[in-house]
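Below, each chain spelled out in residue letters.
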Amino acid sequence: MAAQQDRGPSGVFSDKVVFITGAARGQGRAHAVRFAEEGADVIAYDLCGQLDSVAYPMATEHDLDETVKLVEKTGRRIVAERGDVRDRDRLAEVVARGVAEFGRIDYVLANAGILPAAGAQGRDITAYTDAIGVMLNGVYFTIEAALPAMLRNPDGGAIVITSSAAGFKSVSTDFDSMSHGAAGYTAAKHGVVGLMRHFATSLAEKNIRVNSVHPGGVATPMVLNEAMAGFVAEHPSFGESQRPLLTIPMMEPDEVSETMVYLCGPAGRHVTGVALPLDAGLMLK
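Thresholds, definitions, all that
Residues numbered from 1 in each chain as written. Predicted model: local features only at pLDDT ≥ 70, side-chain atom pairs only at ≥ 80, totals over all residues. Heavy atoms only, no water. pLDDT = per-residue confidence, 0-100. Contact = heavy atoms within 4.5 Å. Salt bridge = Lys/Arg side-chain N within 4 Å of Asp/Glu carboxyl O. Helix = DSSP H or I, 4+ residues; strand = E, 2+ residues; numbered from the N terminus. Buried < 20%, exposed > 50% of the residue type's maximum accessible area, 1.4 Å probe, protein only. Phe/Tyr/Trp six-rings, centres within 6.5 Å; stacked < 30°, edge-to-face > 60°. Lys NZ or Arg CZ within 6 Å of the ring centre and 35° of its normal. Core = buried A, V, L, I, M, F, W, Y, C linked by side-chain atoms within 4.5 Å. Expected span 1.5 Å × (residues − 1).

In the predicted model, the chain carries a mean pLDDT of 93, and the fraction of residues at 70 or more is 97%. This model gives residues 3-8 a pLDDT under 50, and the stretch forms 20 contacts once residues within four places in sequence are excluded.

See the structure below:
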């Protein structure tokens, strides 16, 4: 699906293009809208389907359609396509279509993620392999698909990988909460820190900055759902481990988006190779 709109007002990303995975809802949708508000055109990518290893309902094509509408309201253009980040060929196709439409890619937000820790599904080995496939291999494939276009920009660009507080600590808190899905989520979110440092080092001479963000709990359907509520009730130690130090409301997706704007925008031009916690002090506990 594609949409063409009149150019909107200028902003820090005026005439730039951002490629966002996991864009149908949650953090990815918030990022798409926020970057569009700042003048960027958007290439949006999401599976819009269900994985058997995930106990909660995942995003749908209707969700992606809503992202398109919200971006259009800002006056920016968007190319939105369904696809799996584990599928390198599909990523290449969608990137090619976006570049044909907009002429460039300046920013990559490798955001697609799943949380396959809950329910019987989380205890199946596919929860581990899906977590690694989506959130580690998928991040690598996303960046690799976008790099040829980014390298054509003489002024460089920026890449931000969505990790998690689980990039610093384990999802499982004891033997009882251990599962294949918890292991896969923890391993993937740790692993993308290594990818971030690999790309930050390798791409510095091309003026492409690379960072990762590490939110604690964010108020999205991936966290706020019946399956995860049951997991927290079944494993109180997990719920306690996710309680931040600051006594403030749960983080909203658009609050993460503000950090993405900072890391990609002019204010963050000296920032690269950073694993940035957005956890309200969770890691200090």
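Attention now goes to the pattern of salt bridges. With the rule as written, the count across this model stands at 14 salt bridges. Linking Glu 37 and Arg 34 is a salt bridge whose minimum nitrogen-to-oxygen distance equals 3.5 Å. Here the residue Glu 37 and the residue Arg 34 both occupy positions in helix H1 (residues 26-37), the gap between them amounting to three residues, near one helical turn. On the basis of relative accessible area, Glu 37 is assigned to the partly exposed category, the value being 43%. Residue Arg 86 pairs with Asp 84 through a salt bridge whose shortest N-O separation is 2.8 Å. On the basis of relative accessible area, Arg 86 is assigned to the partly exposed category, the value being 30%. Judged by its relative accessible area of 18%, Asp 84 is buried.

Attention now moves to the packing of aromatic side chains. This model, assessed by the stated rule, comprises six aromatic pairs. With centroids separated by 6.2 Å and ring planes inclined at 65°, the aromatic side chains of Phe 35 and Tyr 107 adopt a geometry described as edge-to-face. Taken together, the residues Phe 35 in helix H1 and Tyr 107 in strand S5 (residues 107-110) connect sequence positions 72 residues apart. Taking relative accessible area as the criterion, Phe 35 reaches 0% and is therefore assigned buried. Here Tyr 107 falls in the buried class, since its relative accessible area comes to 8%. The residue whose ring lies beneath Arg 88 is Phe 141, and the NZ or CZ to ring-centre distance is 5.5 Å.

With that out of the way, let us pick up the environment of Lys 189. With respect to the helices, strands and loops of the structure, Lys 189 is situated in helix H5 (residues 180-203). When residues no more than four places from it in sequence are discounted, the contact partners of Lys 189 are Met 135, Thr 162, Ser 163, Ser 164, Ala 166 and Gly 167.

To continue, consider the nonpolar core. Residues Phe 19, Ile 105, Ile 114, Ile 159 and Val 210 are the most contacted members of the largest nonpolar core, which totals 56 residues. In terms of residue count, helix H4 (residues 125-150) provides more of this core than any other element does, twelve residues in total. Once you skip the residues sitting within four places of it in the chain, Ile 159 turns out to touch Val 108, Ile 143, Met 150, Leu 203, Ile 208, Arg 209, Val 210 and Asn 211. Core analysis: the next-biggest nonpolar cluster, separate from the first, contains 33 residues, Ala 23, Val 160, Val 256 and Cys 264 among them.

The next point concerns helix H8 (residues 253-264). Over its twelve residues, H8 extends 17 Å from the first C-alpha to the last, a length consistent with the 16 Å expected when each residue adds 1.5 Å. Those residues of H8 lying buried are Pro 253, Val 256, Ser 257, Thr 259, Met 260, Val 261, Leu 263 and Cys 264. Close packing links the buried residues of H8 with H1, S5, strand S6 (157-162), strand S7 (208-215) and strand S8 (275-278).

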